[in-house]
Structures are given as C-alpha cells and as structure tokens.
Amino acid sequence: MLIFRTSTGKDGTIWCVVRAPSPLIVGALRPHWTTAEVAGCPFGVLVAALCPGRAPDEVVASLDVEEQAYANALPSSSRRSEWLGGRLCLAKAIARCSTVRSPMLSTTSGAAVLPEGLAGSVSHKGAVAVALAAQVRGGLGVDVECISERDASLERKVLTAAERARLRERTDISAAQYVTAHFSLKEAIYKALEPKEQMDLEFDDIDIQLVTLTQQVWLSPAVKLLTRQSVVRTGILLDGDWVLAAALREPCA
Ligand SMILES: CC(C)(COP(=O)(O)OP(=O)(O)OC[C@H]1O[C@@H](n2cnc3c(N)ncnc32)[C@H](O)[C@@H]1OP(=O)(O)O)[C@@H](O)C(=O)NCCC(=O)NCCS
C-alpha cells in the first residue's frame, strides 16, 4: 500500500515520504509531479511519477496546447489529474526515444496517440502514473497495480484453469501477489494489442507461465495468446506491494 505524507520545504517544494514502497517505482524521496525513469524495463523507456491532487501550473504549461485543451474538457478534476500525470510521464518517455513530438491525445479506443514511429502506453493507480515508450513497430502496453489481499478473490475471474492449477503448487508467493501479477500482465497485454484483437478479449484468452516472482527484479514470464494471432513478450517488476507489468506485441511478419 502506498503510504505517504507531505511536507512543504522552505522553497515551497512539496515533498512526499513514501514508506512502503517503492524506491524503484515512485522514488523514495521525490517531489510530487516529478518524473523519473524506472530502470530495467526490457521494452523501452518507462517513466513514473507520483501525481496527487491538482496538476501544478508548470506541468500543464509544459504540455502541448491541444493536450491542455483536451485535459480541460475532461469531466472531473480527478480524471484531469490522472490524464495529465500520464501525459507528463509519456512526454518524458517519448523525449528519451525521439525528437519528434506531436499531441498525445487519445484514440477512439482510448489509447494514447503516439508520434509516428513510436509505440507507447499509459497506466495510473491512485496518484501513481506510469508511461512506456519505444521506437518499435509493434505495440506496447504498461500497467501498474497495488497488491491488496482482496485481489485473491479475483482468482476465478483473472486466472485460466491452468494458471489456477499452477497457483496450487506455489508456496513462494501469496495468492494475492499471484493474481495481481496475472491481472496486471493481462491488462498490459490488452493495451499492446491492436483494437481488432482487443475486441472481446477475455482473461481466459491469455495464459501466463509465472515461474517465479522476485522482489525488485524484472522477470519475463512466457505468454500464450490462446485465441489471437499476435505474439507478445512480457516483463514484470514486483516492488513491495506494487506491480509494474509491460508487454510488447511483435510486429506482424
Ligand atoms: C482499457 C483498460 C486496459 C484500462 O485499464 P485500467 O486499469 O482501467 O486503467 P489504467 O490506468 O491501467 O490504464 C488507463 C490507460 O490505458 C490506456 N488505454 C485506454 N484504452 C486503451 C486501449 N483500448 N488500448 C490501449 N490503451 C488503452 C489509456 O492511455 C488510459 O489512460 P488515459 O486515458 O489517461 O490516457 C481497461 O479499462 C480495460 O478495458 N481492460 C480490458 C477489458 C478486460 O479487462 N479484458 C480482459 C482481458 S485483458
């Protein structure tokens, strides 16, 4: 669980203290609305930030005017903050991959629009925003989740029969960790697919071989899409109670 308190420094900077977790994902001691790269993602540049409350004016001003107008038209302040946090991270990730910049609005299916030649993806959980970008021809997906004991109850919804059988053999990770990891990987995979393959995709359509889950190490579980043609590769990082999942859809041959 993310537990943080804020204090205001002499220069007016608001600092957050993150007790658990997560030096890797949101930074141990970093001002809010400040981005940093999460090291080691196998598929591209992964950027994260802690973005609680209203976006500071300088963050809004750093974005393209079309993005600012898009954010202003969003229906609630929480949705605006979430969207802006994601775009702040995506802008940083894109800038690390390319000098090309175009408005990162949203497609009709809801995905972020990326500049030509780039793939990318956004996720948020509470105040945490993450974005992944790379110069690849296929698709990318990213997802961030915070493990809660209640997640174990989602076992039947999220896991295939084979994944449930494998869970029974596991003693090294909790059911909540196992279920959340699968949920997060499947959400990241969904985002990496093309809209026509996303249509009617069910959790049961994806089988993941999560052989191990080690704290603070990127792992690459094997994935089979049981009902789709695409080939995807995945990466997952467990950091305290937080899970970051990334997926790369290989370009069509
Ligand atoms: C679209 C979806 C993946 C978003 O996931 P979420 O956990 O609700 O929210 P996240 O914060 O992780 O992700 C939201 C971001 O996903 C991106 N997104 C939304 N729809 C998308 C799509 N069709 N394709 C790719 N990315 C998409 C957007 O960038 C969005 O953020 P933004 O609107 O601020 O730009 C989810 O709502 C969904 O529809 N899942 C698929 C249905 C499902 O569960 N199928 C089961 C098998 S996978």
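Source: prediction; values computed, not measured. (Residues numbered from 1 in each chain as written. Predicted model: local features only at pLDDT ≥ 70, side-chain atom pairs only at ≥ 80, totals over all residues.)

A. Structural context of the sheet that holds strand 10 (residues 232-239). Ordered in space as 7-11-10, the three strands form an open sheet in which the pairing is antiparallel. Since the sheet does not close on itself, it has two edges, and those belong to strand 7 (139-146) and strand 10, each with one partner. Strand-to-strand, the axes of this sheet are offset by a mean angle of 10°, without reference to chain direction. Pairing analysis gives eight bridges linking strand 10 to strand 11 (residues 242-249), with the strands arranged antiparallel. The partner of Arg233 across the bridge, within strand 11, is Leu248. In the packing of helix 6 (residues 175-192) onto the sheet, contacts are made with strand 7, strand 10 and strand 11, and the angle to strand 7 comes to roughly 150°. (Pairing = 2+ DSSP bridges. Helix = DSSP H or I, 4+ residues; strand = E, 2+ residues; numbered from the N terminus. Axes fitted to C-alpha atoms, helices over the stretch in contact; angles between N-to-C directions. Contact = placed C-beta atoms within 7 Å.)

B. Here's a closer look at the sheet that holds strand 6 (residues 128-134). Taking strand neighbours across the sheet as the criterion, the four strands line up as 3-4-6-5 in an open arrangement whose pairing is antiparallel. Pairing within the sheet leaves two strands with one partner each, and these edge strands are strand 3 (36-37) and strand 5 (119-125). Relative to strand 6, strand 4 (residues 45-50) runs antiparallel, the two sharing six bridges. Within strand 6, the residue paired with Val47 across the bridge is Ala131.

C. Representation of unusual backbone geometry. Backbone geometry at Asp200 places phi at a positive 60°, although glycine is not the residue there. Tracing the sequence through the fold places Asp200 in the loop between helix 7 (195-198) and strand 8 (206-209). Asp200 gets classed as exposed once you count the C-beta atoms within 10 Å, which come to 7. In this structure, Gln216 is a non-glycine residue whose phi angle is positive, near 60°. Along the chain, Gln216 turns up in the loop between strand 8 and strand 9 (222-225). (Buried ≥ 20, exposed ≤ 12 C-beta atoms within 10 Å, placed from the backbone.)

D. Seen up close, the site of the ligand. Contacts to the ligand come from 21 residues, most closely from Gly110, Ala111, Val122, Ser123 and Tyr190. When contributions to the shell around the ligand are tallied by element, the ones reaching two or more residues are helix 3 (77-97), strand 5 and helix 6. Grouping the amino acids of the shell around the ligand by side-chain chemistry returns seven nonpolar, eight polar and six charged. Two domains share the shell around the ligand, each providing at least three of its residues, namely domain 1 (3-137) and domain 2 (142-249). (Near = placed C-beta within 6 Å. Nonpolar A, V, L, I, M, F, W, Y, C, P; charged D, E, K, R; others polar. Domains from an automatic or database assignment.)

E. Here's a closer look at the pairing of strand 6. Extensive coverage of strand 6 is indicated by the burial of seven of its seven residues. Relative to strand 6, strand 5 runs antiparallel, the two sharing seven bridges. When the sheet's bridge partners are listed, Gly120 is paired in strand 6 with Ala133. In this antiparallel pair of consecutive strands, strand 5 and strand 6, the connection spans two residues, and Gly126 shows a positive phi of 60°.

F. Just the environment of Val232, in detail. As for its position among the elements, Val232 is in strand 10. Under the C-beta neighbour-count criterion, Val232 is labelled buried, with 21 such atoms within 10 Å. Separated by 43 residues in the primary sequence, Val232 and Ile189 place their C-alpha atoms 7.3 Å from one another. Discounting chain neighbours no more than four positions away, the residues touching Val232 are Ile189, Ala192, Val223, Leu225, Ala247, Leu248 and Arg249.

G. Fine view of the confidence of the model for the protein chain. Model confidence for the protein chain is summarised by a mean pLDDT of 89, while 89% of its residues fall at 70 or above. By mean pLDDT, the top-scoring element of the protein chain is strand 8 (98), and the lowest-scoring one is strand 2 (residues 14-20) (43). For residues 1-7, every residue scores under 50 in pLDDT, and the model assigns this stretch 17 contacts once sequence neighbours within four places are set aside. In this model, residues 14-21 is a region of pLDDT below 50 whose contacts with residues beyond four sequence positions or in other chains number 29 contacts. (pLDDT = per-residue confidence, 0-100.)

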